[in-house]
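The residues making up each chain are set out below.
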Amino acid sequence: MHMVRMVYVSTSIREVDSDILQSILGTAQTNNAAHDLTGLLVFDDKYFLQVIEGGRTAVSRLLGNLYKDKRHQDLLLLDFDSIHQRRFPNWSMQFVPAVDATKDVLLRHGVTSKFEPRNLTKESAVAFMVEMLERQSPAG
């Protein structure tokens, strides 16, 4: 299987409360598991920053669905490229709240101390999400 990584940012069109977020995550986890997709979502009440990894066909199909999704707008594709192995292999869709990003993490990967994912490069976006995930996961 030819694997790819897709990274995108989009803007929520309405307020996303915890129930809506749980619904989004539940649907993503179910659908992604069925299509062997893995990834991570970072959200801050305005911006969705997401990485998805898996087979090219499944990721392409998901991208098409994301462009049609009316819950967000201004989808900006930061990366869609071939990969040799997954960086996020263990989660059909893991969530990390952007509020967990400390100022030093944001400055290390972004250009400001505020969560502004549209300013990230594909490399800095992936590095930011890897670090956010590592801060969530217990050592070992």
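Scroll up to find the structure this text is about.
A quick note: this is a predicted structure, and the numbers were derived from the prediction, not measured.

Trainee: A description of the nonpolar core should follow, citing residues and the corresponding values.
Mentor: If you look at the biggest cluster of nonpolar residues, it comprises 23 residues, and the most contacted ones within it are Val42, Leu49, Phe128 and Met129. Residue assignment for this core shows that the elements contributing at least two residues are strand S1 (3-12), strand S2 (38-43), strand S3 (47-55), helix H3 (103-109) and helix H4 (122-136). Filtering out sequence-adjacent residues up to four positions away, Met129 remains in contact with Val7, Leu40, Val42, Leu49, Gln50, Val51 and Phe88. Membership of the second largest hydrophobic core comes to 20 residues, among which are Leu21, Ile24, Leu41 and Phe43.

Trainee: Talk me through the side chain of Glu53; I want residue IDs and the actual numbers.
Mentor: Tracing the backbone through its elements, the reader meets Glu53 in strand S3. For Glu53, a relative accessible area of 0% puts it in the buried group. Here the side chain of Glu53 touches Phe88 through a polar contact of 2.9 Å, landing on its backbone nitrogen. Among residues more than four places away in sequence, those in contact with Glu53 are Val4, Arg5, Asp36, Leu37, Thr38, Val59, Ile83, Arg86, Arg87, Phe88 and Pro89.

Conventions and cut-offs
- Residues numbered from 1 in each chain as written.
- Predicted model: local features only at pLDDT ≥ 70, side-chain atom pairs only at ≥ 80, totals over all residues.
- Heavy atoms only, no water.
- Core = buried A, V, L, I, M, F, W, Y, C linked by side-chain atoms within 4.5 Å.
- Buried < 20%, exposed > 50% of the residue type's maximum accessible area, 1.4 Å probe, protein only.
- Helix = DSSP H or I, 4+ residues; strand = E, 2+ residues; numbered from the N terminus.
- Contact = heavy atoms within 4.5 Å.
- Polar contact = N/O pair within 3.5 Å; in protein donor to acceptor, adjacent residues only side chain to side chain.

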